[in-house]
Amino acid sequence: MSTAVRLSGGRGSRVRRAAGILRYVLTCWKLNLAAAMEYRASFFMLAVMMFVNNCIWLVFWAIFFARFPAVNGWDLRDVMLLWGISAGGFGWSNVLFGNYPRIAPIVANGELDVFLTQPKPLLLGVLVSRMSLTAMGDFLFGVAIYALAGEHTLIGAAKYALGLLISGLLFLFVTLAAGTLAFFFGQAEGMASQLFNGLVALSTYPTDIFKGTARIVLFTVLPAGFISYAPIGLLRRFDGTFVWLAAAAVAAFGLLAVSLFAVGVRRYTSGNRMAMRG
């Protein structure tokens, strides 16, 4: 067999494997949505409640800016877009990869056994096996904010979509990295939950109110700054340096999360919870 034929066969095998994984992911999303639709009233109620909850926070900000029209260069429109990017990114990542906030309890309670029996990429299988119902309200809130305050041009829509992508991936990778601590420290749910809640909270405040050490932390340990600065550095003006740094942060935390999970799985002890999943 010639080298060209072997290389062609190898590429074909990789393409078929990638297509199989894609079909698997799409099937999981379809089944998750179908399961949610079995309880339509509950699904829509939870989504609407989260949408309204986000709106209430914006009402408080509107009251604040009615008294103080600008804070360190930020106005109400900037804060609206900040909430839209933060909530929207959180929303889509939890809808499509709903298990990432639950990695720590999944590992600590031995629930990883269920996924170890499947001939699919382990981490991907864990992430796509659940959909968050309330997160749909967050995503729709992000879309609504763009409709109200966004730049309604093709470029404006592309920049907003990039903001949602950066936001969602940072939520996913940082929270996943925190959850993998359960492989090394056992009951790490509390620690992972605190890091997750801190990231969510800090991503909803204008970056420029933080100074000194707090600002350094905001762009390193808990990279919420790459989410909360997006209305200024991405939407108001396209700051190439900020965008490249945000992309680098996504890549770095993604590599960290996947590496920690891979190392952690080798330390994992079965919880004797073998089961079958469709």
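See the structure printed just above.
Rules of the game
- Residues numbered from 1 in each chain as written.
- Predicted model: local features only at pLDDT ≥ 70, side-chain atom pairs only at ≥ 80, totals over all residues.
- Heavy atoms only, no water.
- Helix = DSSP H or I, 4+ residues; strand = E, 2+ residues; numbered from the N terminus.
- Rg over C-alpha atoms; globule rule 2.2 N^0.38 Å.
- Buried < 20%, exposed > 50% of the residue type's maximum accessible area, 1.4 Å probe, protein only.
- Contact = heavy atoms within 4.5 Å.
- Areas by Shrake-Rupley, 256 points an atom, 1.4 Å probe, with all protein chains shown as cover.
- Lys, Arg positive; Asp, Glu negative; His and termini not counted.
- Charge placed at Lys NZ, Arg CZ, Asp CG, Glu CD.
- Phe/Tyr/Trp six-rings, centres within 6.5 Å; stacked < 30°, edge-to-face > 60°.
- Axes fitted to C-alpha atoms, helices over the stretch in contact; angles between N-to-C directions.
- Parallel < 35°, antiparallel > 145°, perpendicular 65-115°, else oblique.
- Left-handed = near helix turned anticlockwise from the far one by under 90°.
- Core = buried A, V, L, I, M, F, W, Y, C linked by side-chain atoms within 4.5 Å.
- Patch = residues over 30% accessible without salt bridge, like charges linked within 9 Å, V, L, I, M, F, W, Y side chains within 5 Å.
- Salt bridge = Lys/Arg side-chain N within 4 Å of Asp/Glu carboxyl O.
- Expected span 1.5 Å × (residues − 1).
- Arc of directions from axis to C-beta.

A. Spotlight on the overall build of the protein. Along its length, the protein carries 14 helices and zero strands. Written out in order from the N terminus, the α and β elements of the protein read α-α-α-α-α-α-α-α-α-α-α-α-α-α. Relative to the 2.2 N^0.38 estimate, which gives 19 Å for 278 residues, the radius of gyration of the protein is 21 Å and therefore close to what a compact globule would have. Principal axes of the C-alpha set define a box for the protein whose edges measure 70 × 45 × 40 Å. The 278 residues of the protein split such that 45% are buried. Across the protein, every contact between residues at least 6 apart in sequence was considered, and the portion connecting residues at least 24 apart equals 75%. Carbon and sulfur atoms make up 70% of the accessible area of the protein, which totals about 14,300 Å². Taking the average location of the 22 positive side-chain charges in the protein and that of its 10 negative ones, the two points are 12 Å from each other.

B. Broad picture of the packing of aromatic side chains. Summed over all chains, the structure comprises 17 aromatic pairs. Judged by centre distance (6.0 Å) and plane angle (25°), the rings of Trp57 and Trp83 are stacked. Of the two residues, Trp57 sits in helix H2 (residues 40-67) while Trp83 sits in helix H3 (residues 76-96), which places them 26 residues apart along the sequence. The partly exposed category is assigned to Trp57, whose relative accessible area is 39%. The class of Trp83 is buried, set by a relative accessible area of 8%. An angle of 90° between the planes, with centres 5.3 Å apart, marks the rings of Phe64 and Phe65 as edge-to-face. Overall, Phe65 belongs to the buried group, its relative accessible area being 7%.

C. Summary view of the packing of H3 against helix H8 (residues 154-179). One way to put it is that H3 packs onto H8 with a least axis distance of 7 Å and a crossing angle of 55°. Judged on the interaxial angle alone, H8 and H3 are oblique. By crossing handedness, the relation of H3 to H8 is classed as right-handed. Contacts between H3 and H8 involve Leu81, Gly84, Ile85, Ser86, Gly88, Gly89, Phe90, Trp92 and Ser93 from the former and Tyr160, Gly163, Leu164, Leu165, Ser167, Gly168, Leu169 and Phe171 from the latter.

D. Structural detail: the nonpolar core. Of all hydrophobic cores here, the largest spans 73 residues; its most connected members are Tyr100, Leu112 and Tyr160. Tallying contributions element by element places H8 first for this core, with 11 residues.

E. Highlighting unusual backbone geometry. One non-glycine residue, Asn72, adopts positive backbone phi at about 50°. Within the element layout of this structure, Asn72 appears in the loop between H2 and H3. According to the relative accessible area criterion, Asn72 is partly exposed, its value standing at 48%.

F. Summary view of a nonpolar patch on the surface. A surface patch of nonpolar side chains, about 830 Å² in accessible area, is lined by Val48, Val52, Ile56, Trp57, Val59, Phe60, Ile63, Tyr205 and Ile209. Within the fold, Val59 resides in helix H2.

G. Quick peek at the side chain of Asn32. Within the element layout of this structure, Asn32 appears in helix H1 (residues 3-37). Contact partners of Asn32, with chain neighbours within four places excluded, come to Val128, Ser129, Arg130 and Met131.

H. A look at helix H10 (residues 189-202). Here H10 contains 14 residues, and its C-alpha end-to-end distance of 20 Å stays within 8% of the 20 Å for a straight helix at 1.5 Å per residue. When we look at burial in H10, the residues that qualify are Ala192, Phe196, Gly198 and Leu199. All buried residues of H10 fall inside an arc of 160° around its axis, so they share one side. Along its buried surface, H10 packs onto H3, helix H4 (103-108) and H8.

I. Fine view of H2. Here H2 is 28 residues long and its end C-alpha atoms lie 41 Å apart, about the 40 Å a rise of 1.5 Å per residue gives. Of all the residues in H2, the buried ones are Phe43, Ala47, Asn54, Leu58, Trp61 and Phe65.

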